[in-house]
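Each chain, written out:
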Amino acid sequence: MTTARIGIIGTGIMGSDHARILAAGVAGGVLAGLQDASRDRAEALAGETGARVFDDPQSMIADTGIDAVMICSPDPTHHALALAAVAAGKPVLVEKPLASNRAEAAEIIDAEMGHGRRLVQVGFMRRFDPGYRAMKAELEGGRLGQALFLHCIHRNAMAPDYLTSDLNIGSSAGHEFDIARFLLDEEIVAASVTSPRASRRAPGRQPQFIVLETASGIVVDIEVFVDCGYGYDVRAELVCETGAVSLNPSPATTLRHAGHDGYETPPDWRDRFRDAYRAQMQAWVAALHGGPLEGASAWDGYRAIRVTEACLEAWRSGGRVAVPQEDKPGFYA
Ligand code: ISE
């Protein structure tokens, strides 16, 4: 394969963002196909990017002109499409979450192991963000000592109506679960969740405050508030024995204007994690050509779902819920 021909299933917010990244130029990869439940929407994007439009996802996955696929269609479709890609022996980058529940995620793992070669990556793009990578390198460098706390904030300006409080745990907090596992390089063993009252701006959706405990005894707290009104604001601070390291706000400049002095807050995650999305794409395409597998695996996607399910149970019961631990298959070592 000299150039990997990539097909994108789902041309909504994330599918079109990935398509534009590819169309702008990614070494070793080309946007070759688009498919969406709305053919008009896929055709509009094809007009902009020059890709071929497919009628249905299965025919795109089966097509000999497509080497690898990205699944960016609605969350409930991820499981069946990921299984179809694995059955066809095609590498697949699945937007998070990997699946709707742990049984579905486990099926994907079984299918991939049955195939015998790693094909599945989950789109936890924060693993490619320079800020999180620098935090991880600082922790691993050792001068701060052992980690004690990881404080996380996840605020969105506003969320779509379909994002219920329940779905929000997997959809928004899921990124925090994965980045905590990535930064700390250990498993989450317990979860507790509480909520303040709902904002009057979004009475149907409750913000959440999640406390996770890791295997070695690090406490991770996460505020998830997707109706904050002012922009997309993701923060993290890792507190260790002899120091702390935190993410800087992403803008490169400070603005002083009309009585204010500060940073512009990006409108949503596509701006905030623009570099991470590009780096994720470049690394995935490089892996298609035999480069190292750097992104989140199906196992990582499965573990994030395990934590999501424990959080949902903890939120409903008001108690502390243990996250079941399992041995990581050698396949994912
Ligand atoms: C969305 O699906 C994302 O993936 C964003 O990164 C996250 O911040 C947002 O809350 C989710 O709804």
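Scroll up for the structure.
Sequence positions are assigned chain by chain, starting from 1 and proceeding in written order. Restriction of local features to residues with pLDDT of at least 70 applies here, the model being predicted, together with a cutoff of 80 or more for giving and counting side-chain atom pairs; totals for whole chains, interfaces and linings are based on all residues. Working from all heavy atoms in the structure, the side-chain values ignore hydrogens and water.

A. Region of the structure containing helix 4 (residues 78-87). Only protein chains enter the calculation, and the probe is 1.4 Å; a residue is then buried if its accessible area is under 20% of its type maximum, exposed if over 50%, and partly exposed in between. Strands here mean DSSP runs of E at least two residues long; helices mean DSSP runs of H or I at least four residues long; both are numbered from the N terminus. Counting buried residues along helix 4, seven of its ten residues qualify, which places the element largely inside the surrounding structure. Buried within helix 4 are the following residues: H78, H79, L81, A82, A84, A85 and V86. In what follows, a contact means two residues having at least one pair of non-hydrogen atoms within 4.5 Å. Elements that come into contact with the buried residues of helix 4 comprise strand 1 (4-9), helix 3 (57-62), strand 4 (68-71), strand 5 (92-94), helix 5 (102-115) and strand 6 (120-122). One or two positions beyond helix 4, positive phi appears at G89, with a value near 70 degrees.

B. Region of the structure containing the pattern of salt bridges. Should a side-chain nitrogen of Lys or Arg be within 4 Å of a carboxyl oxygen of Asp or Glu, the pair is scored as a salt bridge. If you walk through the whole model with that rule in mind, you get 29 salt bridges. As a salt-bridge pair, E43 and R39 come within 2.8 Å of each other at their nearest N and O atoms. With a gap of four residues between them, E43 and R39 both fall in helix 2 (residues 39-49), about one helical turn apart. Note on E43: relative accessible area 38%, which makes it partly exposed. By relative accessible area, R39 is classed as partly exposed at 36%. Across the pair E294 and R133 runs a salt bridge, and its minimum N-O distance is 3.1 Å. One end of the pair, E294, is in the loop between helix 10 (274-288) and strand 15 (296-297); the other, R133, is in helix 6 (residues 130-141), with 161 residues separating them in the sequence. Accessibility expressed as a relative area gives 36% for E294, which makes it partly exposed. Taking the relative accessible area as the measure of exposure, R133 reaches 34% and is therefore partly exposed. Shared partners join several salt bridges into a network, and the residues in it are R127, D178, R181, E187, D300, R303, R306 and E326.

C. Up close: the packing of helix 4 against helix 5. Fitted lines through C-alpha atoms serve as axes, helices being fitted only where they are in contact, and the angles separating the N-to-C directions of these axes extend from 0 to 180 degrees. Their axes nearest at 10 Å, the elements helix 4 and helix 5 cross at an angle of 5 degrees. Put simply, helix 4 runs roughly parallel to helix 5. Of the residues in helix 5, those touching helix 4 at H79, A82, L83 and V86 are E104, E107, I108, A111, E112 and H115. When residues are sorted by character, Ala, Val, Leu, Ile, Met, Phe, Trp, Tyr, Cys and Pro go into the nonpolar class, Asp, Glu, Lys and Arg into the charged class, and all the rest, Gly among them, into the polar class. When grouped by side-chain class, the residues that make up the contact of helix 4 with helix 5 number five nonpolar, two polar and three charged. Here roughly perpendicular refers to angles of 65 to 115 degrees, roughly parallel to angles under 35, roughly antiparallel to angles over 145, and oblique to all remaining angles.

D. The sheet that holds strand 15, seen in detail. Strand order in the open sheet formed by seven strands is 3-2-1-4-5-6-15, with mixed pairing between adjacent strands. The open sheet has two edge strands, strand 3 (52-53) and strand 15, and neither has a second partner. Two strands form a pair only when DSSP identifies at least two bridges running between them. Direction of pairing for strand 2 (residues 29-35) relative to strand 3: parallel, over a ladder of two bridges. By the bridge assignment for strand 3, G33 is matched with R52. Across the sheet, helix 1 (residues 13-24) touches strand 1, strand 2 and strand 4, and the angle it forms with strand 1 is around 160 degrees.

E. Spatial organisation of the packing of aromatic side chains. Classification of ring pairs rests on two measures: the distance between centres of Phe, Tyr or Trp rings, Trp counted by its six-membered ring, which must be within 6.5 Å, and the angle between planes, read as stacked under 30 degrees, edge-to-face over 60 and tilted in between. Scanning the model with the defined rule gives four aromatic pairs in all. Here Y232 and W269 contribute two aromatic rings whose centre-to-centre distance is 6.1 Å and whose plane-to-plane angle is 65 degrees, an arrangement assigned as edge-to-face. Taken as a pair, Y232 in the loop between strand 10 (219-225) and strand 11 (233-240) and W269 in helix 9 (residues 269-272) lie far apart in primary sequence, 37 residues in all. Feature note: the residues Y232, W269 and F273 constitute an aromatic cluster, connected by ring pairs. Criterion for a charge above a ring: Lys NZ or Arg CZ within 6 Å of the ring centre, and within 35 degrees of the ring normal. If you follow K136 out to its NZ or CZ, it ends over the ring of F182, 4.8 Å from the centre. Seen from the ring of F273, R272 lies directly overhead, with NZ or CZ sitting 4.4 Å from the centre.

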